[in-house]
Amino acid sequence: MYYQGDIVDGSWELSILVTDLQVEKTLRVKGDLHIGGCMFKLVESLDIAMDWSDHALWWPEKNMWLKKPRLTLDQYGVQADAKLEFTPMHKNIRLQMPDLQILDVKVDFSVDVFKSVIVLCKELGVHHPEELSISRKLGKEDLKYNNANPRGLVQKKHRDRMSANGNLSSNSSNHLSNTSMDGSGSPFISRSPMTPSTPQGTLLRGPGSSQYSPSTPWAANGTMSSMHSLSFEGALESTLRNSPQRSVREAFTMLPRPKTFQEKARINCGWLDSSRSLMEQLVRENDVVLLKFKFYAFYDLNTKYGLVRINQIYEQAKWSMISEELDCTTEEMIVFAALQLQIQLQADVPQADVPDGMKNEDDDVASALKDLELHLEGSSSSPTADITHIPELSDYLDFIKPKKLTLKSTKRYYFTFRNTTLSLYRSPADKNGSPLMYYNMNGCEVHHEVNIAVGKYAIKLSVPVEDGMTEIQLRCDNEDQYAKWMAACRLASSGKTMADSSYETEVQSLQNFLKLQHPAKNGNHTSAPAVRSDQIQFNPEELVAPRFLKKFKSKQLQKRILEAHANFQDLSLLEAKMQFIRTWQELPEFGITYFIVKFKGEKKEELLGVAFNRLIRCDMNTGEALKTWRYSAMKSWDVNWDIKMFMIQHEEANISFSCLTADCKVVHEFIGGYIFNSLRKSDRSQTLDEEMFHKLTGGWD
């Protein structure tokens, strides 16, 4: 039927831009036309013989993919005024690894970020992708202000980049020339428009370089030639297992350097939503994004496999220390510097490591049997041990309880530690009576304050009470006493007692941690001669955080690092990295991700820390814990998406807060992600339950 030359059969014209060709096509369609039929009709109208299988329809105005081929245009809400794009789902991004290497990678922009990370980690050889995620690249200006709206932040960055580099294409991708910027102001060599595209999911990075190498050999069909692909992959794995050395000055152009707890919280506005695609979160082709370890609950971390993962964890830990994202004492920084020095020295020495997947199966069986033996034997190795016996600690300790407006007073009491209760008495003779004071340590926050040089071994405790947390401090006389009481406090904080099988392991770990901070004595090492200081040339400024350079002269640091290095000179490359990671995990701030929030009914901004097992209400200036809520006592958590209010039903109280430095979905995902990671089993062959991850992290949005 026609009316004045127009068709009046209910059809209308739909405009679709084919981004590969920069050609706009107009199709006459009806609302009941399904998406698959619409794409077929479009390809027919193009009449170009090429593979369109990786293309899909994108709706820029609604910021969504039209990927379900059986749904109709009406069901998606597409009308005549819609402007769609027919664009590849796989696009290139510049991926900054934890070790700061930048890889040109082709990823699927139409699947959720969690799936993208799984695919990336598989290609890069990083085990346990559930521990990592993708973050936007932030600059110094982003740390100055709270920003709970990443959409506005990204749109501003795209506008700034458009004005600096020229117009954006219709799908918001930059038309890059021979040089561009990586988001931090550093120039990089971009891929030439004439370079053939690679297969889905392959890397575009040249071997042995942190940037794209235009000399990479390509075959005529656009894939890497077979004679070079294996050597390329081998070189890539080698640089990911043992990262190229990078100067601190160069690294600081790529790293945020937070100076306050507020800035530490603002870093976390960059995390992407794991349940949405890159395209939906305004990531565009050739953007720089960060692949980082997000959840600090490292599963099955051992040297038998996963060498890429171990190195990347070490690198992220190292740069978090040097950029002062994580705080530490002078003695601890010297230990980290000494371990870095050993790793640098060992990097040029041939290692006896066996590649992943080539380990002797007998070693795995023996290791599994040993782990089972340790688990079954409990806290005692004696087969006749009394399983009804409840371990107890008792000794004299110095007790300090800070008081407002007065100086701290130190008193010496006789302490007992039984189950999770800490009791104070005047003397051992009073043990049968009522204690002067007692504290239930379940749910407490435990920190150390140790200075080996002056013999200070203090345990700082924030203990839950009715109206919040009360601070106390215990001072031990020596290292052994400190290790035993500190281990007991740590276990009690999570509801465990000294009868737990992990108590002796915890004590040993603490003793080893203290030994590392002692200068090595002559005769300590037998497998290799002590290294003379004049045999090692290094720059201490490349090994420590900048604030230590203000406290000490370069020669003083060099001397102390060499003294500490004598403790590690027998370690292999892999052993030194593992020791660095273990020492990093001992730090009080390890694994705490900060957000600035406003609790319901409160007017001022407050600091919230999210750890692997608890939420912590912290002091905004010092980071000290004011209140702790453990996940194990959490009944439910939810988000009111309309008002962006986070709600937690806890055994102690109901908690509600809004997040000021990130979308509330980010906090939701951290809590759900940690709970998901805690459910992992010891079976190495287990499959990753993506559905469960999204149930725990996705909410009802």
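What counts, and at which threshold
- Starting from 1, residues in each chain are numbered consecutively following that chain's sequence as written.
- Totals for whole chains, interfaces and linings use all residues, but because this is a predicted model, local features are given only for residues with pLDDT of at least 70 and pairs of side-chain atoms are given and counted only at 80 or more.
- Where side-chain values are given, they derive from all heavy atoms of the structure, hydrogens and water being excluded.
- Whether two strands pair comes down to DSSP finding at least two bridges between them.
- Strands here mean DSSP runs of E at least two residues long; helices mean DSSP runs of H or I at least four residues long; both are numbered from the N terminus.
- Each axis is a line fitted through C-alpha atoms, and for a helix only the stretch in contact is used; angles between axes span 0 to 180 degrees, taken between their N-to-C directions.
- Side-chain atoms within 4.5 Å are what join buried Ala, Val, Leu, Ile, Met, Phe, Trp, Tyr and Cys residues into a set we call a nonpolar core.
- Each residue is assigned to one of three classes by its accessible area relative to the maximum for its type, calculated with a 1.4 Å probe on protein chains only: buried under 20%, partly exposed between the two thresholds, exposed over 50%.
- Pairing of aromatic side chains requires ring centres within 6.5 Å, counting the rings of Phe and Tyr and the six-membered ring of Trp. Pairs whose planes differ by under 30 degrees are stacked, by over 60 edge-to-face, and all others tilted.
- Geometrically, a lysine NZ or arginine CZ counts as sitting over a ring once it is within 6 Å of the ring centre and also within 35 degrees of the ring normal.
- Patch membership requires over 30% relative accessible area and the absence of a salt bridge. Like charges are linked within 9 Å, and nonpolar side chains (Val, Leu, Ile, Met, Phe, Trp, Tyr) within 5 Å.
- All accessibility values rest on the Shrake-Rupley procedure with a 1.4 Å probe; residue burial counts only the protein chains present in the view.
- Think of a salt bridge as a Lys or Arg side-chain nitrogen and an Asp or Glu carboxyl oxygen that are within 4 Å of each other.
- Points on a 1 Å grid over protein atoms alone make up a cavity when a 1.4 Å probe fits among them but cannot get out, and a pocket when they form an open set with protein on both sides within 12 Å along at least five of seven lines; lining residues each have an atom within 4 Å of a point.
- Grid points are joined across faces, edges and corners, and a volume is the space filled by probe spheres set on the points.
- The classification used treats Ala, Val, Leu, Ile, Met, Phe, Trp, Tyr, Cys and Pro as nonpolar, Asp, Glu, Lys and Arg as charged, and all other residues, Gly among them, as polar.
- Residues are treated as being in contact if the distance between any of their heavy atoms lies within 4.5 Å.
- A 3.5 Å cut-off defines polar contacts: any pair of N or O atoms within that distance qualifies, except that in protein one atom must be a possible hydrogen donor and the other a possible acceptor, and neighbouring residues in sequence count only when both atoms are side-chain atoms.
- The predictor's confidence in any single residue is recorded as pLDDT, a number from 0 to 100.
- If an angle is under 35 degrees, it is roughly parallel; if it is over 145, roughly antiparallel; if it lies from 65 to 115, roughly perpendicular; otherwise it is oblique.

Q: Sorry, what's going on with the sheet that holds strand β16 (residues 421–425) here?
A: Each strand in a sheet pairs with its neighbour through backbone hydrogen bonds, running either in the same direction (parallel) or in the opposite one (antiparallel). Taken in spatial order, the 7 strands of this open sheet run β17-β16-β15-β14-β20-β19-β18, and their pairing is antiparallel. Edge strands, defined here as strands with exactly one partner in the open sheet, are β17 (437–440) and β18 (445–451). The mean angle between the axes of side-by-side strands here comes to 35°, regardless of whether they run parallel or antiparallel. Relative to strand β20 (residues 468–476), strand β14 (residues 392–400) is paired through 3 bridges, and the arrangement is antiparallel. Across the sheet, residue I400 finds its bridge partner in β20, namely Q473.

Q: How should I be thinking about the sheet that holds strand β4 (residues 23–29) in this particular structure?
A: Taken in spatial order, the 5 strands line up as β4-β3-β7-β5-β6 in an open sheet, and their pairing is mixed. With one partner strand each, in any of the chains shown, β4 and β6 (64–66) form the two edges of the open sheet. The average undirected angle you get between the axes of adjacent strands in this sheet is 35°. Strand direction decides the pairing type here: strand β3 (residues 12–18) and strand β7 (residues 83–88), joined by 4 bridges, are parallel.

Q: Looking at this model, I keep getting lost on the nonpolar core. Mind explaining?
A: The nonpolar side chains of soluble globular proteins are, as a tendency, buried together. In this structure, W584 and I671 are the most contacted members of the largest nonpolar core, which totals 103 residues. It is helix α9 (residues 330–347) that contributes the most residues to this core, 9 residues altogether. Counting residues in hydrophobic clusters, the runner-up holds 35 residues, among them Y413, F415, Y457 and I472.

Q: Looking at this structure, I do not really get the packing of aromatic side chains. What am I missing?
A: Taken as a whole, this structure holds 27 aromatic pairs when the rule is applied. Consider the rings of Y314 and F580, whose centres lie 5.0 Å apart with planes at 90°: the pair is edge-to-face. Linking Y314 in helix α8 (residues 307–322) with F580 in helix α15 (residues 573–585), this pair joins segments that are 266 residues apart in sequence. By relative accessible area, F580 is classed as buried at 0%. Taking 5.8 Å as the distance between ring centres and 70° as the angle between the ring planes, the aromatic pair formed by F595 and F670 counts as edge-to-face. Of this pair, F595 sits in strand β21 (residues 593–599) while F670 sits in helix α16 (residues 664–678); the two residues are 75 residues apart in sequence, bridging distant segments of the chain. It is R257 that lies over the ring of F252; its NZ or CZ is 3.9 Å from the centre. The aromatic ring of F552 is capped on one face by R560, whose charged end is 5.5 Å from the ring centroid.

Q: What should I look at first to understand the pairing of β21 in this one?
A: The side chains of a regular strand alternate, first on one face of the sheet and then on the other. In terms of residue burial, β21 counts as a mostly covered element, since 6 of its 7 residues are buried. Linking β21 to strand β22 (residues 606–610), which pair antiparallel, is a turn of 6 residues; within it G601 sits at a positive phi near 90°. Here 3 bridges tie β21 to strand β27 (residues 654–659), and the two strands are oriented antiparallel to one another. Opposite F599, over in β27, you have F657 as the bridge partner.

Q: In this structure, what is going on with a nonpolar patch on the surface? I would like to understand it.
A: A surface patch of nonpolar side chains, about 280 Å² in accessible area, is lined by L21, V23, I48 and M50. For I48, a relative accessible area of 37% translates into the label partly exposed.

Q: So what exactly am I meant to see when it comes to unusual backbone geometry here?
A: It is generally the case that most residues other than glycine have a negative phi and that most peptide bonds are trans. The phi dihedral of L100 is positive, around 75°, even though this residue is not glycine. Residue classification places L100 among the buried residues on the basis of a relative accessible area of 2%. A positive phi angle is found at H128, which is not glycine, with a value near 55°. Take H128: it is sitting in the loop between α3 (113–124) and β10 (132–136).

Q: Even after reading the chapter, I still don't get empty space enclosed by the protein, so can you show me in this structure?
A: It is the rolling of a water-molecule-sized probe over the atoms that shows where space remains empty. Tallied over the full model, the rule gives 3 cavities of 30 Å³ or more. Taken as a whole, the largest cavity spans an internal volume of roughly 550 Å³. Residue assignment for the lining of the largest cavity shows that the elements contributing at least two residues are β10, β13 (288–293), α8 and β21. Of the residues assigned to the lining of the largest cavity, the class counts are 19 nonpolar, 8 polar and 7 charged. Roughly 50 Å³ of internal volume is contained in the second largest cavity.

Q: When you look at helix α17 (residues 690–698) in this model, what are you seeing that I'm missing?
A: It helps to recall that an α-helix has 3.6 residues per turn; residues three or four apart then point in one direction. Of the residues making up α17, those classed as buried are F693, L696, T697 and G698. On its buried side, α17 packs onto α3, β25 (634–640) and α16. The N-capping residue of α17, defined by a side-chain oxygen 3.4 Å from the backbone nitrogen of E691, is D689. G699 sits one or two residues past α17 and shows a positive phi near 70°.

Q: Can you walk me through the confidence of the model for the protein in this structure?
A: Per-residue pLDDT for the protein has a mean of 82; in total, 78% of the residues score no lower than 70. The low-confidence segment residues 204–229 (pLDDT under 50) makes 53 contacts with residues lying over four places distant or belonging to another chain. This model gives residues 374–385 a pLDDT under 50, and the stretch forms 9 contacts once residues within four places in sequence are excluded.

Q: What exactly am I supposed to notice about the pattern of salt bridges here?
A: Pairing is possible between side chains that carry opposite charge, provided their charged atoms lie close to one another. Counted according to the given criterion, the structure contains 28 salt bridges. Put simply, R680 and E131 hold a salt bridge, and the shortest N to O gap is 3.0 Å. Here E131 lies in the loop between α3 and β10 and R680 lies in the loop between α16 and α17, a separation of 549 residues in the sequence. Between E445 and R614 there is a salt bridge; the shortest N-O distance is 2.5 Å. Residue E445 is located in strand β18, and its partner R614 is located in strand β23 (residues 614–618); the two are separated by 169 residues in the primary sequence. Because the salt bridges share partners, they merge into one network encompassing E130, E131, R309 and R680.

Q: What should I look at first to understand the side chain of H448 in this one?
A: On the secondary structure map, H448 appears in strand β18. On the accessibility criterion, H448 (11% relative accessible area) is buried. Engagement of the side chain of H448 in a polar contact is seen with the side chain of E332, the distance being 2.7 Å. If near-sequence neighbours (up to four positions away) are discounted, H448 is found in contact with E332, A458, Y482, M486, R490, F513, E586, L587 and P588.

Q: When you look at the packing of α9 against helix α14 (residues 554–565) in this model, what are you seeing that I'm missing?
A: Angle between the axes and distance between the axes are the two parameters that describe a pair of packed helices. Their axes nearest at 8 Å, the elements α9 and α14 cross at an angle of 70°. Classified by the interaxial angle, the pair formed by α9 and α14 is roughly perpendicular. Between α9 and α14, the residues in contact are T330, E331, I334, A337, A338, L341, Q342 and L345 and L557, R560, I561, L562, A564 and H565, respectively. A breakdown of the residues in the contact of α9 with α14 according to their chemical character gives 9 nonpolar, 3 polar and 2 charged.

Q: Teacher, can you tell me more about the side chain of T628 here?
A: The residue T628 is located in strand β24 (residues 625–630) in this model. A distance of 3.0 Å separates polar atoms of two side chains, one belonging to T628 and the other to E445. Not counting residues up to four positions away in its chain, the partners in contact with T628 are G443, E445, M469, R614, L615, I616 and E652.

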